[in-house]
Structures are given as structure tokens and as C-alpha cells.
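Okay, here's what each chain looks like letter by letter:
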Amino acid sequence: MMKYLKTLAASLALLALGGQVAAAESPARERLSLDGGWLFHLGDVPFPELKTHGASYNYAKAGNAGGAAALEYDDSDWRHLDLPHDWAVEGPFDPKENISQGYRPRGISWYRRYLRVEESERGRYMELQFDGIATRATIWVNGNEVAHNFSGYNATHVDITPYLRYGDALNTIAVRVDANAMEGWWYEGAGIYRHSWLTKTNPIHIISDGIHATPRQAANGDWQMPVAVTVDNSGKQTNKVDVEITVADPSGKQIARQTQSVDVPLFTPTTAQVAISVPSPQLWSLQQINLYSVNAKVLQAGKAIDEQSLKTGFRKIHFDAQKGFFLNDQHVKLQGICMHQDHAGVGVAIPDSSWEYRLRRLKELGVNAIRFSHNAPAPEVLDMVD
């Protein structure tokens, strides 16, 4: 027990902003980095073998996960690190290992992190987010098995509200990563190699990635932007809210505003949809990076309880069998590349600054199109490309 308490004290000193929530009034939505303050163990930690009735009975109860998924597991000798993290690239070269995986040994690893949530935040919706874990992952919160993920390239969003403890009782997050599974014939890395987040919102909230806005041009040349905003409700009763959608041009000037009222039942995602006309928009091109801002605000009794925004652009694209590709009615010769997400010597846990440098240098070389081989890239990379 003394070793466990010492580990907690050390982990508290490494908690990122997501674990240090001020008692002051919080904004409607917070998205806090959980990249800092993790504990790491390379290799599997076998679960206790169950041979008695009492052990089987207790293990089957909620919150009673065993082994390294348990609340009070002794992780005092685990390595301290920050995410993103690719542990495969840290390993030795082994000629007996898979050539496609860079001759790096793969296997299983564990991550643990402690999180403190103030009593004043009871009642808010809390979502744990991992942008990418290579390759298969099982996630526990306070000894409860809350999620599985079977691909290293998609995000995992987990509602952890029902499992949280508040005040001085710390929360334990545990992740088991199985990197033996491989999805491709290229270097894929191992571990929690993209960013992690804690999102806090009102019980009535816009779901993650809940805004869609794809501008379209009608046959008569007029432009419209259909906007869909999906709202969920983890509260205690059905509520009516107003969803206010505003659009700003590249200079930041508001050019459109519409509001739709929707009833949001409990645990039933509901979508508000509007179509916004945008006359003579400034088109996005390779030379003019014109991005419009779409902001969605959820109002209850006139008070904003949640808000999200995204960037989008207006552009016309078509392919001609004889003449090739056209962007905004101008012929463009595609000078493209295929690019894996790993970087030599760095692995797949690539710093955002390295992505920015790589993309900028490629553009300077004349590259105007990229095929990300062979998976969805990180969201930060898509923003940079836009």
C-alpha cells in the first residue's frame, strides 16, 4: 500500500491540464489535453487466474477488473512518459522480425493514468478520446471495461460519465495495447501514438464530430451550404433547445445566421438541419486558401450551453476523360505523392510541428495532391492540408 501511495503522489505531479480542473465556473465546453502524465509498461501483465468462487464472483462485478486494469494496481516501477508515444520504434532491430514492420519487435503493452475531477463538475458529460492507438486496444476506467478498438487508424470516443469519482478520489484509466495484430504491409508503430483528450460539456451537447457542412453548387450556379448539427442528451429529461448556426467569411465577417428548435430526448441523438445560401462565395483554391467558419451554438432558455465550430471551403471539382482534372473550372495538373504517416527514426508518433514542416516542404517542391497511404491521417494533418 505504501508503494501504491507513493506512485499516486508521483503521478499527481505529472497530471496534465485535464487532471487539474479549477473550481471556478467552467465554460460551456472544454477540450483538455490528456497527453501528459502517463505510466507505461512494455509487455503484458497477466490477469489473476480465477480458481475460487469468491474470486470469480468479485471479478464479475462492475469496477473489479484485475491485474493492471485494477484501481489499486502497483505501478510504482512503471515508466513515466507523455503522449503521443510509439514504443515499437524504441526497440532493437531484429532480422527475425517482420520486414514490413521495420524489423522491429511488436507485442503487448499497458498504459495507466490518474485523473482528478472536482466535485463541482458532477453532472457534466465527460468523454475520453483517443485519436489513434496501434493496434488493438482495451480501455478501463476505474476497473470498468468501457471500450474496445480494433483498428490503429480510427479515433475512440468513450462516455466515461457513469464511471467517474469526484473530489479527492482519483480516477484510474488503463489501456492494454495489442500490437501483435497488423493491418498492413508497412510500418504501423505500437502504442497510443496520437493525441488523447478529455471533453467536458453540458448534459445536452453537440456530439463529437457532430457538425457537418459541405457546400454545394446548384445547376443554376447558386451556392448553398447544408449544415447538420447532431445534439445528444445525457441529462434527466427531454429538453427543447435552439441550435443557432452562423457562418463567417475568410475575413471573419458574419454572413449568415439561422436558428432551429429541436426536442432532444434522453440518449437519442437528434439532428438540426438548415440550408444556408451564400451568394458569390470566395472559392478555395491552391493559391487562395479561403476558409469559411461554421459555428453551432446550443441555446437553452436563451443561454448558451454548448458550442462547436469547424472550417470549410467552397470549390468546384470535376474530371474530364480527355482533359483531366479541373478545380474551379481551371485545368490543374495533379502533381501528387503517396505518403505513409511514419517518419524514419521517429516512428508514427510524429510531432505536429514535423507534419507542418513536411507538408510545407512538399508544397515548395510543387506537390499539390496527397494520397495518405493507406489509412485516415490524424485530424491535425487534415487541418494543415486545408
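Residues numbered from 1 in each chain as written. Predicted model: local features only at pLDDT ≥ 70, side-chain atom pairs only at ≥ 80, totals over all residues. Heavy atoms only, no water.

So, the overall build of the protein chain
Inference 1: Each helix and strand in the protein chain was counted, giving four helices and 23 strands.
Inference 2: Taken along its principal axes, the extent of the C-alpha atoms in the protein chain is 75 × 60 × 35 Å.
Inference 3: Once local pairs closer than 6 in sequence are excluded, the contacts in the protein chain between residues at least 24 apart make up 71%.
Inference 4: By element, 52% of the accessible surface of the protein chain is carried by carbon and sulfur atoms, the whole surface being about 19,600 Å².
Inference 5: Once the 37 positive and 43 negative side-chain charges of the protein chain are each reduced to a mean point, those two points are 2 Å apart. (Helix = DSSP H or I, 4+ residues; strand = E, 2+ residues; numbered from the N terminus. Contact = heavy atoms within 4.5 Å. Areas by Shrake-Rupley, 256 points an atom, 1.4 Å probe, with all protein chains shown as cover. Lys, Arg positive; Asp, Glu negative; His and termini not counted. Charge placed at Lys NZ, Arg CZ, Asp CG, Glu CD.)

Digging into the nonpolar core
Inference 1: In terms of nonpolar packing, the biggest core is built from 38 residues, with Trp38, Tyr111, Leu128, Phe130, Ile160 and Val175 touching the most fellow members.
Inference 2: Elements with a contribution of two residues or more to this core: strand 2 (38-42), strand 4 (108-115), strand 5 (125-130), strand 6 (136-141), strand 7 (144-149) and strand 9 (171-178).
Inference 3: Not counting chain neighbours up to four residues away, the residues in contact with Phe130 comprise Trp38, Ile139, Asn154, Ala155, Thr156, Val175, Ile192, His195 and Ser196.
Inference 4: Core analysis: the second largest hydrophobic core is formed by 26 residues, Val227, Ala256, Val274 and Ile305 among them. (Core = buried A, V, L, I, M, F, W, Y, C linked by side-chain atoms within 4.5 Å. Buried < 20%, exposed > 50% of the residue type's maximum accessible area, 1.4 Å probe, protein only.)

Overview of the sheet that holds strand 19 (residues 317-320)
Inference 1: Pairing in this open sheet of three strands is antiparallel, and the strands run 19-20-21 from one edge to the other. Taken across any chain shown, the strands that pair with only one partner, and hence form the sheet edges, are strand 19 and strand 21 (330-331). (Pairing = 2+ DSSP bridges.)

A word on the packing of aromatic side chains
Inference 1: Per the counting criterion, the structure on display carries twelve aromatic pairs.
Inference 2: Considering the side-chain rings of Tyr292 and Phe314, the 4.8 Å spacing of their centres and the 75 degrees angle between planes classify their relative orientation as edge-to-face. Linking Tyr292 in strand 17 (residues 292-300) with Phe314 in the loop between strand 18 (303-312) and strand 19, this pair joins segments that are 22 residues apart in sequence.
Inference 3: The structure contains a cluster of three or more aromatic residues connected by ring pairs, namely Trp38, Phe40, Tyr111 and Phe130.
Inference 4: When the ring centre of Trp197 is taken as reference, the NZ or CZ atom of Arg31 above it lies at 4.1 Å. (Phe/Tyr/Trp six-rings, centres within 6.5 Å; stacked < 30°, edge-to-face > 60°. Lys NZ or Arg CZ within 6 Å of the ring centre and 35° of its normal.)

Some thoughts on the side chain of Thr312
Inference 1: Tracing the chain through its elements places Thr312 in strand 18.
Inference 2: Residue Thr312 is classed as buried on the basis of its relative accessible area, which comes to 11%.
Inference 3: At 3.2 Å, the side chain of Thr312 forms a polar contact with the backbone oxygen of Ala213.
Inference 4: The residues contacting Thr312, other than those within four sequence positions of it, are Ala213, Pro215, Met225, Asn290, Leu291, Tyr292 and Val294. (Polar contact = N/O pair within 3.5 Å; in protein donor to acceptor, adjacent residues only side chain to side chain.)

Topic: the pairing of strand 5
Inference 1: With respect to burial, strand 5 is a largely interior element, six of its six residues being buried.
Inference 2: Direction of pairing for strand 5 relative to strand 10 (residues 196-201): antiparallel, over a ladder of six bridges. Residue pairing in the sheet places Leu128 in a bridge with Leu198 of strand 10.
Inference 3: Sheet topology places strand 5 next to strand 8 (residues 156-159); four bridges connect them, and they run antiparallel. For Glu127, the partnering residue across the bridge sits in strand 8 and is Asp159.

Regarding the pairing of strand 20 (residues 324-327)
Inference 1: In terms of strand pairing, strand 19 meets strand 20 through four bridges, oriented antiparallel. Each bridged residue has a counterpart across the sheet, and for Asp320 the counterpart in strand 20 is Gly324.
Inference 2: Where strand 19 folds back onto strand 20 in an antiparallel hairpin, the turn is made up of three residues.
Inference 3: Looking at chain direction, strand 20 and strand 21 are connected through two bridges and run antiparallel. When the sheet's bridge partners are listed, Phe326 is paired in strand 21 with His331.
Inference 4: Between strand 20 and strand 21, which pair antiparallel and follow one another directly, the connecting turn spans two residues, one of which, Asn328, has a positive phi of 55 degrees.

Things to note about the pattern of salt bridges
Charged atoms that come close allow side chains of opposite charge to pair.
Inference 1: The final tally for this structure, using the stated rule, is 16 salt bridges.
Inference 2: With a closest N to O distance of 2.7 Å, Glu118 and Arg116 form a salt bridge.
Inference 3: Arg360 is the salt-bridge partner of Glu356, the closest N and O atoms lying 3.1 Å from each other. In this pair, Glu356 and Arg360 both sit in helix 3 (residues 352-364), four residues apart, roughly one turn of the helix. (Salt bridge = Lys/Arg side-chain N within 4 Å of Asp/Glu carboxyl O.)

Describing a nonpolar patch on the surface
Inference 1: A contiguous nonpolar patch, built from Phe47, Leu50 and Tyr59 and spanning about 250 Å² of accessible area, is present on the exposed surface.
Inference 2: For Leu50, the location among the structural elements is in the loop between strand 2 and helix 2 (53-59).
Inference 3: Residue class for Leu50 comes out partly exposed when judged on its relative accessible area of 38%. (Patch = residues over 30% accessible without salt bridge, like charges linked within 9 Å, V, L, I, M, F, W, Y side chains within 5 Å.)

So, the confidence of the model for the protein chain
Parts of the model with low pLDDT should not have their predicted coordinates read in detail.
Inference 1: For the protein chain, per-residue confidence averages 91 on the pLDDT scale, and 93% of positions sit at 70 or higher.
Inference 2: Scored below 50 in pLDDT, residues 1-26 makes 47 contacts in the model with residues more than four places away or belonging to other chains. (pLDDT = per-residue confidence, 0-100.)

A few points about the environment of Ala174
Inference 1: Relative to the elements of secondary structure, Ala174 occurs in strand 9.
Inference 2: A relative accessible area of 0% places Ala174 in the buried class.
Inference 3: In this structure the C-alpha to C-alpha distance between Ala174 and Thr138, which are 36 residues apart in sequence, comes to 8.3 Å.
Inference 4: Setting aside residues no more than four positions away along its own chain, Ala174 makes contact with Ala68, Ala69, Trp110, Tyr111, Arg112, Thr138, Ile139 and Trp140.

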